[in-house]
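# Structural characterization, general
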Amino acid sequence: MRGYFLLFTTSSALYAHELLGEIEAYKVSLVPTPREFSSDCGMAVYIEGEAIEMAMHCLDEHRIEYEFKSVS
Amino acid sequence: MIYLDNAATTFPKPPDVTEAMVSFMTHVGANPGRSAHTLSIESATVMFRCRKALSKLIGQKDFLRTFFTMNATMAINTCLYGLLKEGDVVLTTSLEHNALMRPLRMLEKNRGITLRFIPSDFTCKLDKKVAKELSHGVKLIACVHGNNVTGALMPLDFFATLAREAGAYLLVDASQSAGLIDIDMQRDGIDMLCASAHKGLYAPMGLGFFSLSSRMDVLESFMQGGTGSRSEEEIQPELLPDKYESGTPNMPAIAGLLAALKWRESIGYETMYAHEIRHRTQLKEALKALDSVVVCDVHEAYATTGVLSWYPKAQSLSRVAQTLNNQYGILTRVGLHCSPATHKSIGTLSYGGTIRFSPSFFTTDEEIESVILAMREIAQ
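Basis of the calculations
- Positions within a chain are numbered from 1, following the residues in the order the chain's sequence is written.
- Here every chain gets a letter starting at A, and every ligand a number starting at 1, in the order they are written.
- Under the rules for a predicted model, residues below a pLDDT of 70 receive no local features and side-chain atom pairs below 80 are neither given nor counted, while totals for whole chains, interfaces and linings still include all residues.
- In computing side-chain values, all of the structure's heavy atoms are included and hydrogens and water are not.
- By definition in these notes, contact holds between two residues if any of their heavy atoms fall within 4.5 Å.
- Accessible surface is computed with a 1.4 Å probe, and the buried area is the amount of it that two parts give up when combined, taken over both parts together.
- Whenever a carboxyl oxygen of Asp or Glu lies within 4 Å of a side-chain nitrogen of Lys or Arg, that contact is scored as a salt bridge.
- As used in this structure description, the phrase polar contact means that two N or O atoms lie within 3.5 Å; if the pair is within protein, one of them must be able to donate a hydrogen and the other to accept it, and residues adjacent in sequence are counted only when both atoms belong to side chains.
- Helix numbers and strand numbers start at the N terminus; a helix is a DSSP run of H or I with at least 4 residues, a strand a run of E with at least 2.
- Throughout this entry, Asp, Glu, Lys and Arg are counted as charged residues, while Ala, Val, Leu, Ile, Met, Phe, Trp, Tyr, Cys and Pro are counted as nonpolar. The remaining residues, Gly among them, count as polar.
- For helices, the axis comes from a line fit to the C-alpha atoms of the stretch in contact; other axes are also lines fit to C-alpha atoms, and the angle between any two N-to-C directions lies between 0 and 180 degrees.
- What sets the label is the angle itself: under 35 degrees gives roughly parallel, over 145 gives roughly antiparallel, 65 to 115 gives roughly perpendicular, and the rest give oblique.
- Crossings are sorted by hand: turned counterclockwise from the far helix by less than a right angle, the near helix makes the crossing left-handed, and turned clockwise it makes it right-handed.
- Aromatic rings from Phe, Tyr and Trp, taking only the six-membered ring of Trp, are treated as a pair when their centres fall within 6.5 Å; an angle between ring planes under 30 degrees marks them as stacked, one over 60 as edge-to-face, and anything in between as tilted.
- In this scheme, a residue with accessible area under 20% of its type's maximum is buried, one over 50% is exposed, and one in between is partly exposed, where area comes from a 1.4 Å probe on protein chains only.
- In these notes, a set of buried Ala, Val, Leu, Ile, Met, Phe, Trp, Tyr and Cys residues joined through side-chain atoms within 4.5 Å is what counts as a nonpolar core.

## Notes on the interface of chain A and chain B
Across the contact, 17 residues belong to chain A and 22 residues belong to chain B. Summing both partners gives a buried area of about 1,600 Å² for chain A against chain B, and 62% of it is carried by carbon and sulfur. The closest approach of N and O atoms between Arg63 of chain A and Asp62 of chain B, which form a salt bridge, is 3.3 Å. Our count for the contact surface shared by chain A and chain B stands at two residue pairs in polar contact (both at pLDDT 80 or more). Every element with two or more residues in the side of chain A that touches chain B is listed here: α1 (10–21) and β2 (27–32) of chain A. Considering each element in turn, the side of chain A that touches chain B owes the most residues, five residues, to α1 of chain A. For the side of chain A that touches chain B, a count of residues per class yields eight nonpolar, five polar and four charged.

Okay, here's the thing in structure tokens:
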């Protein structure tokens, strides 16, 4: 599965990238927020891997607000 | 020259700090949080790491609750203006720096808050009995930690208990103590910790911070503006840390602070504190041996920072300070030190204040010996 975690502050984007980067199951990278998903001028976390729910749980646990946009 | 004005700002800074700033300016230089290109991400990462390291130092478990400002004054103003409303009562001390006193006085005048003051004797000892009596019904207890005139360290544990019993918030101005004294927001019961970064933290000037406990979601933003987040909205976002950080931050200084935090971690509180206190003690004992000067003692129950104030009995303050500067190259601060309340409490207001010696970790034994010799010569 692939997709973008849209974060709403630069700090939360970096924090999410750091947390998800520690999980071996995922390949993550910081990218500009895709315009088709948000008008925010900041960063998003691109993620590839199975069971994205685990990543969502991780962000929830750390009280990081996000939106997840799946891409095919 | 012998620089004994470290309570105004520490000098020199660790070489690592200068190198980090130059490196940032040379190789990064981009605005954090305004773009997502390589250098912007690098810049934002510096800020992110600095926020985490600073939060760790002050016992802030949630690093997104630590915010950068221009200085401690801006941090204090942000907290006071964000919290206080008409009719609120604030308990503070009679030993406050104008960074806290002036915004409180302005809020008293313009917003109708009420101020109560805990009295102090001439050794900075607070009247705890009166403090308890005055604490009923207060919304906020606001106090300095390290007094910038005498070095007296205020009893944070007492303030925390007082605040808890009164159901009040506790704001602490740690500008003179952050980096020198172990402060843990959670352990010490602090709701709002404000400080400058360029004193005991050895970062460059133009940078301060505040950190909020989880109780402080009630704090409104003081300044509003661009944050790089929720850009489609014309109202300030509630997201942390953006709620309290509008506009472009002082990134070279933040890069410097990150380096300073790493540097000071390698030294530790005990070594840094012992170094300053040893020099303060030597200066104090030497001054006390002179008949021509008066040392501003701090009550024995109170610990101190490295700051020491004194004044000549018969000579003009400014003339003695000028002699120290011109003839001996000893740089001090003379006057009221932006804390007229302290001078009033310790009885030095009518003298025009004091001369302040404030050593740092970089002050050497040889420098202290030279200062003592100079003082003996001037006293003759």
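## Re the environment of Asp188 of chain B
All names here are of chain B. When you line up the elements, Asp188 lands in the loop between β6 (169–173) and β7 (192–196). In this structure the C-alpha to C-alpha distance between Asp188 and Leu170, which are 18 residues apart in sequence, comes to 9.9 Å. In this view, Asp188 contacts Leu156, Ala160, Leu170, Asp182 and Ile183; residues no more than four positions away in its chain are not counted. Side-chain polar atoms of Asp188 contact the side chain of Arg187, separated by 2.9 Å.

## Comments concerning the packing of helix α9 (residues 317–328) of chain B against helix α11 (residues 365–379) of chain B
Residue and element names in this part refer to chain B. With their axes 11 Å apart at the nearest point, α9 and α11 run at an angle of 120° to one another. The orientation of α9 relative to α11 falls into the category oblique. Remark: the crossing between α9 and α11 carries right-handed chirality. Within the contact between the two elements, α9 uses Thr323, Leu324 and Tyr328 and α11 uses Ala374, Met375, Glu377 and Ile378.

## Remarks on the packing of aromatic side chains
A ring pair, where both rings are aromatic, is described by two values, the distance of the centres and the angle of the planes. Residue and element names in this part refer to chain B. By the definition in use, this model includes 20 aromatic pairs over all chains. Ring geometry for Tyr202 and Phe362: centres 5.8 Å apart, planes at 75°, overall edge-to-face. Within this pair, whereas Tyr202 is found in the loop between β7 and β8 (208–212), its partner Phe362 is found in the loop between β13 (354–357) and α11, the two being separated by 160 residues in sequence. For Phe362, a relative accessible area of 27% gives the class partly exposed. Here the aromatic rings of Phe361 and Phe362 are separated by 6.0 Å at their centres, their planes lie at 75°, and the arrangement is edge-to-face.

## Section: the pattern of salt bridges
Applying the stated criterion to the full structure yields 19 salt bridges over all chains. The salt bridge involving Arg65 of chain B is made with Asp217 of chain B; its shortest N-O contact spans 3.1 Å. Taken as a pair, Arg65 of chain B in the loop between α2 (38–57) and β2 (66–69) and Asp217 of chain B in the loop between β8 and α7 (251–265) lie far apart in primary sequence, 152 residues in all. The exposure class of Arg65 of chain B is buried, given its relative accessible area of 11%. Asp217 of chain B gets classed as partly exposed once you look at its relative accessible area, which sits at 49%. Among the ionic contacts, a cluster of salt bridges with common partners joins Arg63 of chain A together with Asp62, Arg65 and Asp217 of chain B.

## What to know about the nonpolar core
Generally speaking, a soluble globular protein has its nonpolar side chains buried in company with each other. If you look at the biggest cluster of nonpolar residues, it comprises 79 residues, and the most contacted ones within it are Leu257 and Trp310 of chain B. For this core, the leading source of residues is α7 of chain B, giving seven residues. Residues in contact with Trp310 of chain B, not counting those within four places in the same chain, are Leu287, Val293, Val294, Val295, Cys296, Leu317, Val320, Leu324, Thr354, Ile355, Phe357 and Met375 of chain B. Leu7, Val45 and Tyr66 of chain A together with Ile41 of chain B belong to the second-largest nonpolar core, a separate cluster that totals 28 residues.

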